[in-house]
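Coordinate analysis (summary)
Each chain, letter by letter, is given below.
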Amino acid sequence: MSDKIGIRAATAADAEAVDTIIRAAFAGTDFGHQGEAELVRMIGEDGDALVSLVAERDAAIVGHVLFSRMAVEADGARLAAAGLAPVSVAPAQQGQGIGDALIRAGLAALCEQGVAISFVLGHESYYPRFGYSPDLAARFASPFAGPHFMAMMLDSDAAWPLGGRADYAPAFGRMG
Ligand SMILES: CC(C)(COP(=O)(O)OP(=O)(O)OC[C@H]1O[C@@H](n2cnc3c(N)ncnc32)[C@H](O)[C@@H]1OP(=O)(O)O)[C@@H](O)C(=O)NCCC(=O)NCCS
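Let us look at the structure shown here. All of these numbers come straight from a predicted model, not from anything done at the bench. (Residues numbered from 1 in each chain as written. Predicted model: local features only at pLDDT ≥ 70, side-chain atom pairs only at ≥ 80, totals over all residues.)

Inspection of helix H2 (residues 35-45) places Glu36, Ala37, Leu39, Val40 and Ile43 among the buried residues, and these make up the whole buried set. Taken end-on, H2 shows its buried residues confined to a sector of 160 degrees, consistent with a single buried face. Where the residues of H2 are buried, they touch helix H1 (15-27), strand E2 (49-57), strand E3 (60-74), strand E4 (77-89) and helix H5 (170-173). (Buried ≥ 20, exposed ≤ 12 C-beta atoms within 10 Å, placed from the backbone. Helix = DSSP H or I, 4+ residues; strand = E, 2+ residues; numbered from the N terminus. Arc of directions from axis to C-beta. Contact = placed C-beta atoms within 7 Å.)

In structure tokens, the structure reads:
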């Protein structure tokens, strides 16, 4: 097995392989449902996928990350925003930096699109290494507010907004 991991934009032809990776990655978690594959499909159909990347090893897809459009208002103005969810790595290949590479490449792609802020709902021991902070997210009203809700400015020199509201793409509201 090659050590080399390639990261590239997902295409329509990857849909089945991406679906399989998401189901496999989440089967081993305590989340207790397999809704993430369905969520990714709905976000794509709604046109709300901003960045969707796959990781490949030996020409096989071993990971996927999606960043979707959010509706964010900060200090009275709209801010271009993306939610990170879900990120999935094939169970046998976790812990080798693939999730890390996918997230960093995704954040770089969002920067190029002019996205100003990203949010994630996840583990507080994992996402701060990329720059996500619960303190920034706490400034935003959201149905997901809580200790696992984190945010980062994509330009690390940008001033933090004082407050606002952050809503995920409509597909999240249709999750069972
Ligand atoms: C989370 C996930 C994408 C990380 O990808 P990965 O390629 O295994 O991660 P990396 O190799 O880049 O990083 C490994 C680090 O992540 C940590 N990590 C992995 N899963 C974690 C989790 N659920 N909670 C907290 N930390 C986690 C590991 O402890 C390790 O930490 P360390 O670097 O301090 O040792 C992958 O483990 C996965 O697909 N998990 C199942 C699906 C999931 O829970 N997705 C996140 C919710 S959207």
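Turning our eyes to something else, we now look at the site of the ligand. Near the ligand lie 19 residues; those nearest to it are Ala25, Gln94, Gly99, Asp100 and His123. When contributions to the shell around the ligand are tallied by element, the ones reaching two or more residues are H1, E4 and helix H3 (98-112). Take the shell around the ligand: its biggest share by element is five residues, from E4. Its residues placed into classes, the shell around the ligand shows eight nonpolar, 10 polar and one charged. (Near = placed C-beta within 6 Å. Nonpolar A, V, L, I, M, F, W, Y, C, P; charged D, E, K, R; others polar.)

What follows concerns the pairing of E4. In terms of strand pairing, E3 meets E4 through 11 bridges, oriented antiparallel. What sits directly across from Ser68, in E4, is Gly83. In textbook terms, the turn of a hairpin is the stretch between consecutive antiparallel strands, and for E3 and E4 this stretch comprises two residues, one of which, Asp75, has a positive phi near 50 degrees. Relative to strand E5 (residues 117-121), E4 runs parallel, the two being bridged by four bridges. Bridging across to E5, Gly83 finds its partner in Phe119. As a crossover connection, the stretch from E4 through H3 into E5 is right-handed. (Pairing = 2+ DSSP bridges. Right-handed = clockwise from strand over helix to strand, strands pointing away.)

Two measures define how a pair of helices packs: the angle their axes make with one another and the distance between the axes. It is at 8 Å that the axes of H1 and H2 come closest, and there the two elements cross at 145 degrees. The element H1 and its partner H2 pack so that their crossing is right-handed. Along the contact surface, H1 presents Val18, Asp19, Ile22, Arg23 and Phe26, while H2 presents Glu36, Ala37 and Val40. (Axes fitted to C-alpha atoms, helices over the stretch in contact; angles between N-to-C directions. Left-handed = near helix turned anticlockwise from the far one by under 90°.)

What follows covers the nonpolar core. The biggest cluster of nonpolar side chains holds 47 residues, and the ones touching the most others in it are Met70, Ala81, Ala82, Leu110, Phe119, Met150 and Ala151. If sequence neighbours within four positions are ignored, Leu110 has contacts with Leu50, Val51, Phe67, Ala82, Val115, Ser118 and Leu154. (Core = buried A, V, L, I, M, F, W, Y, C linked by C-beta atoms within 7 Å.)

Here Phe144 shows up in the loop between strand E6 (140-141) and strand E7 (149-153). Phe144 sits 23 residues away from Asp167 along the chain, and the two C-alpha atoms are 8.8 Å apart. Ignoring any residue separated from it by four or fewer positions in sequence, one finds Phe144 in contact with Leu121 and Phe149.

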